[in-house]
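Here are the chains, one letter per residue:
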Amino acid sequence: MSAQAPTLTKAVRPAAAAPFESRRRPRRRLGPGRPLPYGWALGPLLLLALWSAGSAAGFIDARNLSAPWTVVSTAADLIAEGRLQSNLATSAERALLGLLFGTAAGLALAVVAGLSRLGEGIIDGPVQIKRAIPSLALIPLLILWFGIGESMKVITIALGVFVPVYIHTHNGLRTIDGRYAELAETVSLSRAGFLRHVVLPGALPGFLLGMRFAVTGAWLALVVVEQVNATSGIGYMMELARTYGQTDIIIVGLVVYGLLGLVSDALVRLVERRALSWRRTLAG
C-alpha cells in the first residue's frame, strides 16, 4: 500500500493541477488593445517620412512636389513677412463663423424634427434633399443671391456644416430607447427635465459624431470659397501661388489646411472622450 501511494500521488497531481494551470493562462484580447500614446500622429509622421525619403532619393520631382525642407523654409519666409498669419486669421474667422451658424441651425432643426412628428414631416424632407445636393454646387446660385463677398463664403461653409450635424443629432434622438420616455412619464418628469436627463444624454453621442464631420466639412468648403474672388485667406494665397507656379507655397497652404483639420478633429474627439466618459467602448 505504501509503495503505491507515491505512484497515485504523481498520477493525481497533474490532473489536480490542470485547472489551476488553465486559470493562469493569459486571456486573448479580442479588442484593439490599449490606446497608443500620440497614436493619432503615427499616420502623418509616416507620410512625412515617405515624402522626405522620396525627395532625398530624387524619386519626387521638386517641380511637382517640393521637398519638406523647402516647404519649411518657405513657411518660415511667409511667417517672417506676416503673410501666413494674416491669411490664416482670415480663413479661421470664415471657418468659425460658418461652423457656428451651421451647427446652430443643424442642432435646432434636429431637435424640432426629433421631438415632433409634425416637425419631422416639415423639416426632414428638405434636409434630405439638401443632403443629396453638394453645397459647392450651390455656389453659382449663392453668388447671384448674396454676391461674391464674405456673406456668400460664410453661408457656403454653414451649408456644408449643418447637414452632418442635423443628420447625426436627429439619428441620436430617434434611437433613444422608448422605455426612458415611458419612465419619465411614470415619474412625472417635466418637459425641461425630460430634455435635460433623457434627450441631452441620448443625443450627445450623435451630435459629437456629427461635429467631427462638420469641422471637416467646414475646412473643405473653405478651400473652395477662398478661391472665388477672394483677396485674402489661405485659399487665395494658394491660388495666387498657382498663377506664378510656386509649388512650395501651395504645399504650405495644403499643410496648413491639413493641420487645421487634424487639430479641430482632435479637439472634438477630446470633448467626446470627456463628455462620454461613462461609456465603455472598444476605443477605451
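Look up a bit, the structure's there.
None of these values were measured; they are calculated from a predicted model.

(A) Representation of the overall build of the protein chain within the structure. A count of helices and strands for the protein chain gives 11 helices and 0 strands. Walking the protein chain from its N terminus toward its C terminus, one meets helices and strands in the order α-α-α-α-α-α-α-α-α-α-α. Split into buried and exposed, the 284 residues of the protein chain put 33% on the buried side. Pairs at least 24 apart in sequence give 74% of the contacts found in the protein chain among residues at least 6 apart. About 18300 Å² of surface is accessible on the protein chain, with carbon and sulfur atoms providing 65% of the total.

(B) Representation of the layout of surface pockets within the structure. Of the pockets and cavities examined, the second largest pocket occupies roughly 350 Å³. If you trace the second largest pocket, you find 16 residues lining it, with L115, A181, F194, V198 and V199 closest to the centre. At the level of secondary structure, the elements contributing two or more residues to the lining of the second largest pocket comprise α4 (83–115), α7 (150–174), α8 (178–186) and α9 (191–225). Class assignment for the residues of the lining of the second largest pocket results in 9 nonpolar, 3 polar and 4 charged.

(C) Local environment of the packing of aromatic side chains. One pass over the structure, following the stated rule, counts 1 aromatic pair. Where W145 meets F146, the ring centres are 6.4 Å apart and the plane angle is 80 degrees; that geometry is what we call edge-to-face. A relative accessible area of 59% means that W145 is categorised as exposed.

(D) Structural view of the packing of α7 against α9. Two elements in contact, α7 and α9, have axes separated by 7 Å at closest approach and are oriented at 155 degrees. The orientation of α7 relative to α9 falls into the category roughly antiparallel. As for the relative orientation of α7 and α9, their crossing is right-handed in sense.

(E) Looking closely at the packing of helix α5 (residues 117–132) against α7. Relative to each other, α5 and α7 sit at 140 degrees, their axes nearing to 11 Å. With respect to α7, the axis of α5 lies oblique. Where α5 crosses over α7, the handedness of that crossing is left-handed. Residues R117, E120, I123, D124, V127, Q128, K130 and R131 of α5 pack against L159, F162, V163, Y166, I167, H170 and R174 of α7.

(F) Just α9, in detail. With 35 residues, α9 extends only 42 Å from end C-alpha to end C-alpha; this falls clearly short of the ideal 51 Å at 1.5 Å per step. The largest bend in α9 is about 40 degrees, located at V199, with the proline P201 one to four residues further on.

(G) Main features of a nonpolar patch on the surface. Taken together, the side chains of L107, V111, L115 and L195 define a hydrophobic patch exposed on the protein surface, amounting to about 250 Å² of accessible area. Among the elements that make up the nonpolar patch, the one with the highest residue count is α4 (3 residues). Looking at where L115 falls in the secondary structure, it is placed in helix α4.

What counts as what
Residues numbered from 1 in each chain as written. Predicted model: local features only at pLDDT ≥ 70, side-chain atom pairs only at ≥ 80, totals over all residues. Heavy atoms only, no water. Helix = DSSP H or I, 4+ residues; strand = E, 2+ residues; numbered from the N terminus. Buried < 20%, exposed > 50% of the residue type's maximum accessible area, 1.4 Å probe, protein only. Contact = heavy atoms within 4.5 Å. Areas by Shrake-Rupley, 256 points an atom, 1.4 Å probe, with all protein chains shown as cover. 1 Å grid on protein atoms, 1.4 Å probe; cavity = no way out; pocket = protein on both sides within 12 Å on 5 of 7 lines; lining within 4 Å. Points joined across faces, edges and corners; volume = space filled by probe spheres on them. Nonpolar A, V, L, I, M, F, W, Y, C, P; charged D, E, K, R; others polar. Phe/Tyr/Trp six-rings, centres within 6.5 Å; stacked < 30°, edge-to-face > 60°. Axes fitted to C-alpha atoms, helices over the stretch in contact; angles between N-to-C directions. Parallel < 35°, antiparallel > 145°, perpendicular 65-115°, else oblique. Left-handed = near helix turned anticlockwise from the far one by under 90°. Expected span 1.5 Å × (residues − 1). Bend = angle between axes of the 7 residues up to and from the residue. Patch = residues over 30% accessible without salt bridge, like charges linked within 9 Å, V, L, I, M, F, W, Y side chains within 5 Å. Salt bridge = Lys/Arg side-chain N within 4 Å of Asp/Glu carboxyl O.

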